[in-house]
Amino acid sequence: MEHTKQATKTAHIRWMIRRDMPDVLGIESDCFEFSWTEDDFIRCLRQRNCIGMVAECDDRVVGFMIYELHKNRLHILNFAVHSDYRRQGIGNVMMQKLLGKLSQERRNRIMLEVRETNLEAQLFFKNLGFKAISVLRDFYDDATEDAYLMQFRYQPTAEELAQPHNRITRMAG
């Protein structure tokens, strides 16, 4: 019974700040055998199109995601939830935040690479509607391991499909 009691933690998603780095690094090393260093995080987050967000529960950072904004897609570079907080909806809340940024006109898909040995992540993203679209051979520098390139495509609503796509169409009607 205890599992169901914890099944829906309330997570607050916010921008990652410098003060979060020790918690983020702790989660990173807890989750990944080949983890990012603080320099990796800082180098990435200095890029103009790179965004870091954290999930907080009870004033504690319990998850994070790093993603890049591109013209027509989002690219998840790093995504993790602390092992003590998994299967409680935290990852879903973080992903809903990202999925909410998609639209038919602008960024209409999310891409990410997942290690072939990371079955838990593959299933997590598959359950959210991601599909493996290709295998990237020897993708990682730290190990001879392939990655699956996974993609989520935005599905426009009926109302969006009925909308004209540019001003000229609208003015001509």
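Residues numbered from 1 in each chain as written. Predicted model: local features only at pLDDT ≥ 70, side-chain atom pairs only at ≥ 80, totals over all residues. Heavy atoms only, no water.

Here's the deal with the sheet that holds strand β3 (residues 60-69)
Here is the rule: Only when DSSP finds a minimum of two bridges between them are two strands counted as paired. Only runs of H or I of at least four residues qualify as helices and only runs of E of at least two qualify as strands under DSSP, and these elements are numbered from the N terminus. Each axis is a line fitted through C-alpha atoms, and for a helix only the stretch in contact is used; angles between axes span 0 to 180 degrees, taken between their N-to-C directions. Every residue pair with non-hydrogen atoms within 4.5 Å of one another is taken to be in contact.
An order of β1-β2-β3-β4-β5-β7-β6 is seen for the seven strands of this open sheet, with the pairing classed as mixed. The open sheet has two edge strands with one neighbour each: β1 (12-15) and β6 (131-136). Strand after strand, the sheet turns through a mean of 30 degrees between neighbouring axes, direction not considered. Alignment of strand β4 (residues 74-81) against strand β5 (residues 109-115), held across three bridges, turns out to be parallel. Its bridge partner lying in β5, I76 is registered against L112. Packed on one face of the sheet, helix α4 (residues 90-99) meets β1, β2 (50-57), β3, β4, β5 and β7 (147-153) and runs near 165 degrees to β4.

Considering the confidence of the model for the protein chain
Counted only if it meets this: On a scale of 0 to 100, pLDDT captures the predictor's confidence in every residue.
On average, residues of the protein chain score 86 in pLDDT, and 87% of them are at 70 or above. Across residues 1-6, where pLDDT falls below 50, the model places two contacts with residues more than four positions away in sequence or in other chains. Segment residues 169-173: pLDDT under 50, and two contacts once partners within four positions in sequence are set aside and those in other chains are kept.

Some details on the packing of aromatic side chains
Condition: Working definition: rings of Phe, Tyr and Trp (its six-membered ring) pair if their centres are within 6.5 Å, and the pair is stacked with planes under 30 degrees apart, edge-to-face with planes over 60 apart, and tilted otherwise. A simple rule labels every residue: compare its accessible area, found with a 1.4 Å probe on the protein chains alone, to the largest value its type can have, and call it buried under 20%, exposed over 50%, or partly exposed in between.
According to the stated counting rule, one finds seven aromatic pairs in the structure shown. With centroids separated by 5.2 Å and ring planes inclined at 70 degrees, the aromatic side chains of F125 and F130 adopt a geometry described as edge-to-face. Classification of F130 as buried rests on a relative accessible area of 2%. Each member of the aromatic cluster is reached from another via a ring pair, and the members are F79, F124, F125, F130 and F152.

Brief notes about unusual backbone geometry
You will see that D58, though not glycine, has its phi angle at about 50 degrees, which is positive. In this fold, D58 is placed in the loop between β2 and β3. Even without glycine at this site, D59 takes up a positive phi of about 60 degrees. Mapped onto the secondary structure, D59 falls in the loop between β2 and β3. Judged by relative accessible area, D59 falls into the exposed class, the value being 76%.

A short note on helix α3 (residues 38-45)
Applied cut-off: Each C-beta atom gives one direction from the helix axis, and the arc is the one those directions make.
All buried positions along α3 are accounted for by F41, I42 and C44. Buried positions in α3, seen along its axis, are confined to an arc of 165 degrees and lie on one side of it. The elements touched by buried residues of α3 are α2 (21-31), β2, β3 and β4.

Some thoughts on the side chain of R107
For clarity, the threshold we go by: Asp and Glu are treated as the negative residues and Lys and Arg as the positive ones, with His and the ends of the chain left uncounted. We define a salt bridge as a side-chain nitrogen of Lys or Arg found within 4 Å of a carboxyl oxygen belonging to Asp or Glu. Polar contact is defined as a pair of N or O atoms within 3.5 Å, subject to the rule that within protein one atom must be able to donate a hydrogen and the other to accept it, and that residues adjacent in sequence are counted only when both atoms are side-chain atoms.
Looking at where R107 falls in the secondary structure, it is placed in the loop between α4 and β5. No salt bridge forms around the buried R107; measuring N to O, its nearest opposite-charge neighbour E68 is 11 Å away. Within the local environment of R107, its side chain forms a polar contact with the backbone oxygen of H70, the two atoms lying 2.6 Å apart. Residues in contact with R107, not counting those within four places in the same chain, are L69, H70, K71, N72, R73, L74, K101 and L102.

Observations regarding the environment of L77
Within the secondary structure, L77 sits in strand β4. For the pair L77 and L112, spaced 35 residues apart in sequence, the C-alpha separation works out to 6.6 Å. Apart from residues no more than four positions distant in its own chain, L77 is found in contact with W36, C44, C50, I66, Y67 and E68.

Quick notes on the packing of α2 against α3
Where we set the bar: The crossing is said to be left-handed when, going from far helix to near helix, the turn is anticlockwise and less than a right angle, and right-handed when the turn is clockwise. Gly is put with the polar residues, along with every residue not named as nonpolar or charged; the nonpolar set is Ala, Val, Leu, Ile, Met, Phe, Trp, Tyr, Cys and Pro, and the charged set is Asp, Glu, Lys and Arg.
Running from amino to carboxyl end, α2 crosses α3 at an angle of 115 degrees, the nearest separation of the two axes being 10 Å. In the crossing of α2 with α3, the sense of the turn from one axis to the other is right-handed. Contact residues: α2 offers M21, V24, L25 and E28, while α3 offers E38, F41 and L45. Looking at side-chain class alone, the contact of α2 with α3 contains five nonpolar, no polar and two charged residues.

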